[in-house]
Amino acid sequence: SQTIHQWPATLVQPVGSPLSLECTVEGTSNPNLYWYRQAAGRGLQLLFYSVGIGQISSEVPQNLSASRPQDRQFILSSKKLLLSDSGFYLCAWSGTNSGANVLTFGAGSRLTVL
Amino acid sequence: DAKTTQPNSMESNEEEPVHLPCNHSTISGTDYIHWYRQLPSQGPEYVIHGLTSNVNNRMASLAIAEDRKSSTLILHRATLRDAAVYYCILEGGTSYGKLTFGQGTILTVHP
């Protein structure tokens, strides 16, 4: 069966520090991968998605970047964190078959920037 | 992209059925209707999806209007564990594979 792992679960970072969140998927190949962010009390916002290694699409301009160095690995990064980067970050994957894309989400990474 | 409209909140009693409505009047012919739910401090969880016909699975049922401009998620017997934010989402066209989550409906279940 397929599983998705996301870490770290929580982190507290000072403004201006770098960030790296990692997500890996097991039990499938060539998944579509997604990074979402949820600010406190708000809905989910799609940040990045990827349909293959090295293929990253950004949905919103921001202080963050994403990379996909391996088929089932998706990394969210920042060189210098801002206070507004605080939030709940969720990685998700879906299959690439034709038809509906059902997303499976990880447990999330809660980031607090102080 | 087509959008959805859901009530901000709904309440139910435990072991009673719950009907969560969703309007999507601008849906296109190839848009799928998805439902996800999110428990506090967790990632969203897939519930069900459909295209034209009503759908059933172990978690819920999805009733789709004949003109597809609205749908209803049905929880047959609500439990306290069903208390969550429920999102109704359309997928298709340029949004293929990229789901846009709105504010959803906060479901409160009373014991």
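All figures in this text were calculated on a predicted structure; none of them were measured in a lab.

Q: What should I look at first to understand the sheet that holds strand β2 (residues 18–23) of chain B in this one?
A: Residues and elements named next belong to chain B. Ordered in space as β2-β7-β6-β5, the four strands form an open sheet in which the pairing is antiparallel. The open sheet terminates on both sides in strands that have one partner only, identified here as β2 and β5 (55–56). In terms of strand pairing, β2 meets strand β7 (residues 70–75) through six bridges, oriented antiparallel. Each bridged residue has a counterpart across the sheet, and for P21 the counterpart in β7 is T72.

Q: Honestly, the pairing of strand β1 (residues 3–7) of chain A in this entry has me stumped. Any pointers?
A: Side-chain positions along a regular strand alternate between the two faces of the sheet. Residue and element names in this part refer to chain A. Burial of β1 is one-sided: the residues I4 and Q6 facing one way are buried, the residues T3, H5 and W7 facing the other way are not. Looking at chain direction, β1 and strand β3 (residues 19–26) are connected through five bridges and run antiparallel. In the strand pairing of β3, T3 is matched with E26.

Q: Quick question: what am I supposed to make of the pattern of salt bridges here?
A: Side chains that carry opposite charge are capable of pairing whenever their charged atoms lie near each other. According to the stated counting rule, one finds six salt bridges over all chains in the structure shown. Two residues, A:R37 and A:D85, come together in a salt bridge whose shortest N-O distance is 3.7 Å. Of this pair, A:R37 sits in strand β4 (residues 32–38) while A:D85 is found in the loop between β8 (73–78) and β9 (87–94), placing the two residues 48 residues apart along the sequence. Notably, a salt bridge pairs B:R77 with B:E15, separated by 3.3 Å at the nearest N-O pair.

What counts as what
Residues numbered from 1 in each chain as written. Chains lettered and ligands numbered in written order. Predicted model: local features only at pLDDT ≥ 70, side-chain atom pairs only at ≥ 80, totals over all residues. Heavy atoms only, no water. Pairing = 2+ DSSP bridges. Helix = DSSP H or I, 4+ residues; strand = E, 2+ residues; numbered from the N terminus. Buried < 20%, exposed > 50% of the residue type's maximum accessible area, 1.4 Å probe, protein only. Salt bridge = Lys/Arg side-chain N within 4 Å of Asp/Glu carboxyl O.

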